[in-house]
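Chain by chain, the residues:
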Amino acid sequence: ADNLVANGSASLTYVIEGTIIGSSAANVYFTSQPNCSQGAVVRQTQDLGKSKTKTATYQVKDDNGDVIWSGNVTFDATKDCTSYELVY
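Residues numbered from 1 in each chain as written. Predicted model: local features only at pLDDT ≥ 70, side-chain atom pairs only at ≥ 80, totals over all residues. Heavy atoms only, no water.

K.L.:
An account of the overall build of the protein chain is needed here, citing residue identities and associated values.
P.N.:
When its secondary structure is counted, the protein chain shows one helix and four strands. Its helices and strands in sequence order give the protein chain the pattern α-β-β-β-β, from N to C terminus. The dimensions of the protein chain, computed from C-alpha atoms along their principal axes, are 45 × 25 × 15 Å. With 88 residues in all, the protein chain has 22% of them scored as buried. Long-range pairs, those at least 24 residues apart, make up 44% of the contacts in the protein chain between residues at least 6 apart in sequence. (Helix = DSSP H or I, 4+ residues; strand = E, 2+ residues; numbered from the N terminus. Buried < 20%, exposed > 50% of the residue type's maximum accessible area, 1.4 Å probe, protein only. Contact = heavy atoms within 4.5 Å.)

K.L.:
Quick rundown of the sheet that holds strand 4 (residues 67-76)? Include the residues and the values.
P.N.:
The strand order across the open sheet built from four strands is 2-1-3-4, with neighbouring strands paired in antiparallel fashion. The two strands at the open ends of the sheet, each matched to only one other strand, are strand 2 (19-25) and strand 4. Strand-to-strand, the axes of this sheet are offset by a mean angle of 25°, without reference to chain direction. Summarising the sheet, strand 1 (residues 11-16) and strand 3 (residues 53-62) pair through five bridges and their orientation is antiparallel. By the bridge assignment for strand 3, I16 is matched with Y58. (Pairing = 2+ DSSP bridges. Axes fitted to C-alpha atoms, helices over the stretch in contact; angles between N-to-C directions.)

K.L.:
How would you sum up the packing of aromatic side chains? Please name residues and give values.
P.N.:
Tallying each qualifying case throughout the model produces one aromatic pair. A ring pair is formed by W69 and Y88, whose centres lie 6.2 Å apart and whose planes are at 75°; its orientation type is edge-to-face. Note that W69 is positioned in strand 4 and Y88 in the segment after strand 4, a separation of 19 residues in sequence. (Phe/Tyr/Trp six-rings, centres within 6.5 Å; stacked < 30°, edge-to-face > 60°.)

The quantities given are spatial measurements derived from coordinates; they are silent on function.
Here it is as structure tokens:
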């Protein structure tokens, strides 16, 4: 978080498949991978229909429009929750 702020990022926007799902201040961080019920966690629920899993693209952009993280996230109907740790 300190490095993000030092590099000029004040906030982060979370995007899945081109849709904004939430935002946070760039100085909010966890000391380990967060659990899904923790406060200040950006969450997304997906309707998987008849499928058991769905893979989607994600991006995390700062307030300057720079993509800080990107990749794929997999939603899995056999799990209550999957959390991801993003390390800068």
